[in-house]
Amino acid sequence: MLIVSQHFESLAAYLVAIFAVMLFSTYVSQSSEWLGYAGIQTGITFLVCYVGPGPSSNIYAPLWRFWGIVLGVLTTGFVFLFLWPEYASVKVVASLRRLLRTTLELANDVAGRSATDRRPGAIERHLSTDLLQVLNMADQARLEGNRGAEVSKAAFEAATFLIRIAYRFQTITRARLAGSERHLSDQLRQRCAALERAFCHSLESGLDKLRSVEPFEELTAQAVPAKSSENGLNDAELLSRAIIRDADRTTYTHADWTTQLEAYRRMPILLSRLDAALSNIVIH
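Below you will find a few notes about this structure.

With respect to the secondary-structure elements, Thr103 resides in helix α5 (residues 88-111). You can call Thr103 buried: its relative accessible area is 0%. Look past the residues within four positions of Thr103 in its chain and what remains in contact with it is Leu127, Leu162, Ile165, Ala166 and Leu203.

See the structure below:
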(Lines give C-alpha, C1' and ligand atoms only; values in the text may rest on other atoms or scores of the structure.)
Protein backbone atom coordinates (compact mmCIF):
# COMPACT_ATOMS: atom_id res chain seq x y z
CA MET A 1 0.00 0.00 0.00
CA LEU A 2 2.73 2.46 0.97
CA ILE A 3 4.81 1.77 -2.13
CA VAL A 4 2.32 1.13 -4.93
CA SER A 5 -0.57 3.43 -4.02
CA GLN A 6 1.49 6.58 -3.54
CA HIS A 7 4.08 6.20 -6.30
CA PHE A 8 2.26 4.56 -9.22
CA GLU A 9 -0.83 5.70 -11.05
CA SER A 10 -1.21 2.91 -13.60
CA LEU A 11 -3.44 -0.13 -13.28
CA ALA A 12 -0.55 -2.40 -14.28
CA ALA A 13 1.41 -1.68 -11.09
CA TYR A 14 -1.73 -2.28 -9.05
CA LEU A 15 -2.28 -5.66 -10.72
CA VAL A 16 1.38 -6.64 -10.27
CA ALA A 17 1.16 -5.88 -6.55
CA ILE A 18 -2.00 -7.98 -6.18
CA PHE A 19 -0.46 -10.80 -8.23
CA ALA A 20 2.67 -10.85 -6.02
CA VAL A 21 0.70 -11.05 -2.77
CA MET A 22 -1.76 -13.66 -4.09
CA LEU A 23 1.08 -15.75 -5.51
CA PHE A 24 2.75 -15.82 -2.07
CA SER A 25 -0.47 -16.61 -0.18
CA THR A 26 -1.44 -19.34 -2.68
CA TYR A 27 2.01 -20.94 -2.36
CA VAL A 28 1.74 -20.99 1.44
CA SER A 29 -1.82 -22.35 1.33
CA GLN A 30 -0.57 -25.48 -0.50
CA SER A 31 1.54 -26.57 2.49
CA SER A 32 0.41 -28.18 5.76
CA GLU A 33 -3.03 -27.55 7.23
CA TRP A 34 -1.90 -24.95 9.76
CA LEU A 35 0.21 -22.94 7.29
CA GLY A 36 -2.39 -23.50 4.57
CA TYR A 37 -5.03 -21.78 6.69
CA ALA A 38 -2.62 -18.87 7.31
CA GLY A 39 -1.95 -18.53 3.56
CA ILE A 40 -5.65 -18.43 2.73
CA GLN A 41 -6.35 -15.85 5.42
CA THR A 42 -3.42 -13.71 4.25
CA GLY A 43 -4.84 -13.50 0.75
CA ILE A 44 -8.38 -12.80 1.96
CA THR A 45 -7.18 -10.12 4.38
CA PHE A 46 -5.17 -8.41 1.66
CA LEU A 47 -8.12 -8.38 -0.75
CA VAL A 48 -10.47 -7.06 1.94
CA CYS A 49 -8.05 -4.27 2.93
CA TYR A 50 -7.00 -3.29 -0.58
CA VAL A 51 -10.40 -3.48 -2.23
CA GLY A 52 -10.95 -1.06 -5.13
CA PRO A 53 -10.83 -0.81 -8.95
CA GLY A 54 -7.44 0.91 -9.10
CA PRO A 55 -4.59 2.61 -7.21
CA SER A 56 -5.47 5.26 -4.63
CA SER A 57 -3.34 7.65 -2.61
CA ASN A 58 -5.68 7.28 0.37
CA ILE A 59 -4.17 4.51 2.46
CA TYR A 60 -6.12 5.23 5.64
CA ALA A 61 -9.28 3.34 4.66
CA PRO A 62 -7.49 0.01 4.01
CA LEU A 63 -5.37 0.51 7.12
CA TRP A 64 -8.53 0.87 9.24
CA ARG A 65 -9.89 -2.31 7.62
CA PHE A 66 -6.66 -4.08 8.50
CA TRP A 67 -6.83 -2.84 12.10
CA GLY A 68 -10.41 -4.12 12.38
CA ILE A 69 -9.33 -7.56 11.16
CA VAL A 70 -6.44 -7.61 13.65
CA LEU A 71 -8.79 -6.75 16.52
CA GLY A 72 -11.16 -9.52 15.46
CA VAL A 73 -8.37 -12.09 15.28
CA LEU A 74 -6.97 -11.03 18.67
CA THR A 75 -10.41 -11.22 20.27
CA THR A 76 -11.10 -14.66 18.82
CA GLY A 77 -7.63 -15.86 19.81
CA PHE A 78 -8.09 -14.64 23.40
CA VAL A 79 -11.43 -16.43 23.71
CA PHE A 80 -10.23 -19.78 22.33
CA LEU A 81 -6.81 -19.69 24.04
CA PHE A 82 -7.80 -18.50 27.52
CA LEU A 83 -11.57 -18.29 28.09
CA TRP A 84 -12.70 -21.38 26.15
CA PRO A 85 -9.59 -23.21 24.92
CA GLU A 86 -9.76 -25.95 22.30
CA TYR A 87 -6.84 -28.33 21.93
CA ALA A 88 -6.25 -30.96 19.28
CA SER A 89 -4.80 -33.27 21.97
CA VAL A 90 -8.29 -33.35 23.52
CA LYS A 91 -10.14 -33.75 20.23
CA VAL A 92 -7.88 -36.62 19.16
CA VAL A 93 -9.13 -38.61 22.15
CA ALA A 94 -12.75 -38.08 21.07
CA SER A 95 -11.85 -39.09 17.50
CA LEU A 96 -10.03 -42.18 18.74
CA ARG A 97 -13.03 -43.07 20.86
CA ARG A 98 -15.27 -42.99 17.78
CA LEU A 99 -12.83 -45.24 15.92
CA LEU A 100 -12.75 -47.65 18.86
CA ARG A 101 -16.55 -47.64 19.07
CA THR A 102 -16.83 -48.49 15.36
CA THR A 103 -14.34 -51.33 15.81
CA LEU A 104 -16.29 -52.59 18.81
CA GLU A 105 -19.46 -52.53 16.72
CA LEU A 106 -17.77 -54.78 14.18
CA ALA A 107 -16.52 -57.05 16.98
CA ASN A 108 -20.01 -57.37 18.45
CA ASP A 109 -21.38 -58.32 15.03
CA VAL A 110 -18.74 -61.03 14.74
CA ALA A 111 -19.31 -62.31 18.28
CA GLY A 112 -23.08 -62.26 17.79
CA ARG A 113 -22.72 -63.97 14.41
CA SER A 114 -24.94 -61.30 12.86
CA ALA A 115 -22.45 -60.10 10.25
CA THR A 116 -23.49 -60.37 6.61
CA ASP A 117 -21.74 -59.81 3.31
CA ARG A 118 -22.78 -56.13 3.19
CA ARG A 119 -22.24 -55.33 6.87
CA PRO A 120 -18.38 -55.42 6.87
CA GLY A 121 -18.28 -53.11 3.85
CA ALA A 122 -20.50 -50.52 5.54
CA ILE A 123 -18.44 -50.60 8.74
CA GLU A 124 -15.24 -50.40 6.71
CA ARG A 125 -16.37 -47.06 5.28
CA HIS A 126 -17.02 -45.76 8.79
CA LEU A 127 -13.60 -47.00 9.86
CA SER A 128 -11.93 -45.08 7.02
CA THR A 129 -13.74 -41.86 7.98
CA ASP A 130 -12.95 -42.22 11.69
CA LEU A 131 -9.32 -43.10 10.97
CA LEU A 132 -8.86 -40.01 8.81
CA GLN A 133 -10.24 -37.84 11.62
CA VAL A 134 -7.90 -39.42 14.18
CA LEU A 135 -4.84 -38.93 11.99
CA ASN A 136 -5.81 -35.33 11.27
CA MET A 137 -6.24 -34.46 14.97
CA ALA A 138 -3.08 -36.35 15.93
CA ASP A 139 -1.07 -34.45 13.34
CA GLN A 140 -2.28 -31.15 14.79
CA ALA A 141 -1.68 -32.28 18.38
CA ARG A 142 2.04 -32.63 17.68
CA LEU A 143 2.30 -28.83 17.65
CA GLU A 144 0.90 -28.44 21.17
CA GLY A 145 4.01 -28.97 23.25
CA ASN A 146 5.42 -32.10 24.86
CA ARG A 147 2.10 -33.38 26.13
CA GLY A 148 0.47 -32.95 22.73
CA ALA A 149 3.38 -34.75 21.06
CA GLU A 150 3.09 -37.70 23.45
CA VAL A 151 -0.69 -37.93 23.02
CA SER A 152 -0.25 -37.69 19.25
CA LYS A 153 2.29 -40.53 19.22
CA ALA A 154 0.08 -42.75 21.38
CA ALA A 155 -2.97 -41.94 19.24
CA PHE A 156 -1.09 -42.90 16.07
CA GLU A 157 -0.11 -46.24 17.63
CA ALA A 158 -3.61 -46.91 18.95
CA ALA A 159 -5.19 -46.12 15.57
CA THR A 160 -2.72 -48.47 13.86
CA PHE A 161 -3.60 -51.36 16.18
CA LEU A 162 -7.34 -50.65 15.93
CA ILE A 163 -7.25 -50.87 12.14
CA ARG A 164 -5.29 -54.13 12.32
CA ILE A 165 -7.79 -55.49 14.86
CA ALA A 166 -10.69 -54.48 12.62
CA TYR A 167 -8.97 -56.24 9.71
CA ARG A 168 -8.72 -59.43 11.78
CA PHE A 169 -12.42 -59.27 12.60
CA GLN A 170 -13.20 -58.82 8.93
CA THR A 171 -11.04 -61.86 8.20
CA ILE A 172 -13.03 -63.91 10.72
CA THR A 173 -16.30 -62.73 9.17
CA ARG A 174 -15.27 -63.60 5.62
CA ALA A 175 -13.93 -66.99 6.68
CA ARG A 176 -17.11 -67.81 8.57
CA LEU A 177 -19.31 -66.77 5.66
CA ALA A 178 -17.19 -68.99 3.42
CA GLY A 179 -17.98 -72.01 5.63
CA SER A 180 -14.82 -72.27 7.73
CA GLU A 181 -16.73 -73.62 10.77
CA ARG A 182 -18.90 -76.03 8.84
CA HIS A 183 -17.30 -79.23 10.17
CA LEU A 184 -16.20 -78.03 13.61
CA SER A 185 -17.43 -79.66 16.78
CA ASP A 186 -19.94 -77.88 19.01
CA GLN A 187 -17.35 -77.57 21.77
CA LEU A 188 -14.87 -75.85 19.47
CA ARG A 189 -17.54 -73.48 18.18
CA GLN A 190 -18.45 -72.56 21.74
CA ARG A 191 -14.82 -71.79 22.48
CA CYS A 192 -14.63 -69.59 19.40
CA ALA A 193 -17.70 -67.69 20.56
CA ALA A 194 -16.23 -67.28 24.06
CA LEU A 195 -12.96 -66.03 22.58
CA GLU A 196 -14.74 -63.44 20.45
CA ARG A 197 -16.68 -62.23 23.49
CA ALA A 198 -13.37 -61.86 25.34
CA PHE A 199 -12.11 -59.71 22.45
CA CYS A 200 -15.19 -57.51 22.78
CA HIS A 201 -14.66 -57.21 26.54
CA SER A 202 -11.10 -56.04 25.98
CA LEU A 203 -12.27 -53.38 23.49
CA GLU A 204 -14.94 -52.24 25.95
CA SER A 205 -12.24 -51.83 28.59
CA GLY A 206 -10.24 -49.67 26.18
CA LEU A 207 -13.33 -47.57 25.52
CA ASP A 208 -13.74 -47.02 29.26
CA LYS A 209 -10.14 -45.84 29.44
CA LEU A 210 -10.73 -43.20 26.79
CA ARG A 211 -13.91 -42.07 28.53
CA SER A 212 -11.96 -41.53 31.74
CA VAL A 213 -9.82 -38.81 30.13
CA GLU A 214 -12.75 -36.80 28.76
CA PRO A 215 -13.01 -33.49 30.69
CA PHE A 216 -16.80 -33.55 30.96
CA GLU A 217 -16.76 -37.14 32.20
CA GLU A 218 -14.15 -36.81 34.95
CA LEU A 219 -16.69 -36.99 37.77
CA THR A 220 -18.39 -39.99 36.21
CA ALA A 221 -15.04 -41.69 35.69
CA GLN A 222 -14.17 -41.15 39.36
CA ALA A 223 -17.51 -42.49 40.54
CA VAL A 224 -17.46 -45.52 38.21
CA PRO A 225 -13.90 -46.79 37.70
CA ALA A 226 -12.93 -48.15 34.32
CA LYS A 227 -12.99 -51.87 33.78
CA SER A 228 -9.68 -53.65 33.92
CA SER A 229 -8.61 -55.09 30.59
CA GLU A 230 -6.04 -57.44 32.14
CA ASN A 231 -8.54 -60.23 32.83
CA GLY A 232 -10.04 -59.91 29.37
CA LEU A 233 -6.65 -60.16 27.70
CA ASN A 234 -5.65 -63.15 29.83
CA ASP A 235 -8.90 -64.95 29.05
CA ALA A 236 -8.50 -64.19 25.35
CA GLU A 237 -4.95 -65.51 25.31
CA LEU A 238 -5.88 -68.72 27.14
CA LEU A 239 -8.89 -69.36 24.92
CA SER A 240 -6.84 -68.64 21.81
CA ARG A 241 -4.22 -71.21 22.84
CA ALA A 242 -6.92 -73.76 23.64
CA ILE A 243 -8.60 -73.30 20.26
CA ILE A 244 -5.31 -73.59 18.38
CA ARG A 245 -4.40 -76.70 20.40
CA ASP A 246 -7.77 -78.34 19.68
CA ALA A 247 -7.53 -77.37 16.02
CA ASP A 248 -4.15 -79.06 15.72
CA ARG A 249 -5.70 -82.31 16.89
CA THR A 250 -8.32 -82.34 14.14
CA THR A 251 -7.83 -83.31 10.52
CA TYR A 252 -9.96 -80.40 9.29
CA THR A 253 -7.64 -78.17 7.22
CA HIS A 254 -10.00 -75.82 5.39
CA ALA A 255 -8.06 -72.81 4.07
CA ASP A 256 -10.54 -70.30 5.51
CA TRP A 257 -10.39 -72.04 8.90
CA THR A 258 -6.60 -71.70 8.86
CA THR A 259 -6.97 -67.97 8.17
CA GLN A 260 -9.48 -67.68 11.01
CA LEU A 261 -7.09 -69.45 13.38
CA GLU A 262 -4.32 -67.02 12.46
CA ALA A 263 -6.67 -64.14 13.32
CA TYR A 264 -7.40 -65.75 16.70
CA ARG A 265 -3.67 -66.14 17.33
CA ARG A 266 -2.78 -62.53 16.46
CA MET A 267 -5.72 -60.81 18.11
CA PRO A 268 -4.55 -61.08 21.77
CA ILE A 269 -1.16 -59.59 20.79
CA LEU A 270 -2.81 -56.65 19.02
CA LEU A 271 -5.20 -56.06 21.90
CA SER A 272 -2.32 -56.05 24.37
CA ARG A 273 -0.44 -53.45 22.34
CA LEU A 274 -3.61 -51.40 21.95
CA ASP A 275 -4.09 -51.45 25.71
CA ALA A 276 -0.53 -50.17 26.19
CA ALA A 277 -1.09 -47.32 23.70
CA LEU A 278 -4.36 -46.32 25.38
CA SER A 279 -2.63 -46.39 28.78
CA ASN A 280 -0.07 -43.90 27.45
CA ILE A 281 -2.89 -41.57 26.44
CA VAL A 282 -4.45 -41.81 29.91
CA ILE A 283 -1.09 -41.12 31.59
CA HIS A 284 -0.43 -37.98 29.55
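Text resumes after the structure shown.
This paragraph deals with the packing of aromatic side chains. In this structure the tally under the stated criterion is two aromatic pairs. For the pair Phe78 and Phe82, a centre-to-centre distance of 5.5 Å together with 40° between the ring planes defines the contact as tilted. Of this pair, Phe78 and Phe82 both sit in helix α4 (residues 60-83), four residues apart, which is roughly one turn of that helix. Look at Phe82 and you get exposed, because its relative accessible area is 60%. Consider the rings of Phe169 and Phe199, whose centres lie 6.2 Å apart with planes at 75°: the pair is edge-to-face. Here Phe169, found in helix α7 (residues 145-177), pairs with Phe199, found in helix α8 (residues 186-212); they are 30 residues apart in sequence, far enough to count as distant. Judged by its relative accessible area of 0%, Phe169 falls in the buried class.

Moving on, we get to the environment of Tyr14. On the secondary structure map, Tyr14 appears in helix α2 (residues 11-29). Tyr14 sits in the buried class, given a relative accessible area of 4%. A sequence separation of 13 residues divides Tyr14 from Met1, and the C-alpha atoms of the two residues are 9.5 Å apart.

A cluster of nonpolar side chains, contributed by Tyr60, Trp64, Trp67, Leu71 and Leu74, occupies part of the molecular surface with about 630 Å² of accessible area. Topologically, Trp64 is positioned in helix α4. Residue Trp64 is classed as exposed on the basis of its relative accessible area, which comes to 61%.

Basis of the calculations
Residues numbered from 1 in each chain as written. Predicted model: local features only at pLDDT ≥ 70, side-chain atom pairs only at ≥ 80, totals over all residues. Heavy atoms only, no water. Helix = DSSP H or I, 4+ residues; strand = E, 2+ residues; numbered from the N terminus. Buried < 20%, exposed > 50% of the residue type's maximum accessible area, 1.4 Å probe, protein only. Contact = heavy atoms within 4.5 Å. Phe/Tyr/Trp six-rings, centres within 6.5 Å; stacked < 30°, edge-to-face > 60°. Patch = residues over 30% accessible without salt bridge, like charges linked within 9 Å, V, L, I, M, F, W, Y side chains within 5 Å. Areas by Shrake-Rupley, 256 points an atom, 1.4 Å probe, with all protein chains shown as cover. Salt bridge = Lys/Arg side-chain N within 4 Å of Asp/Glu carboxyl O.

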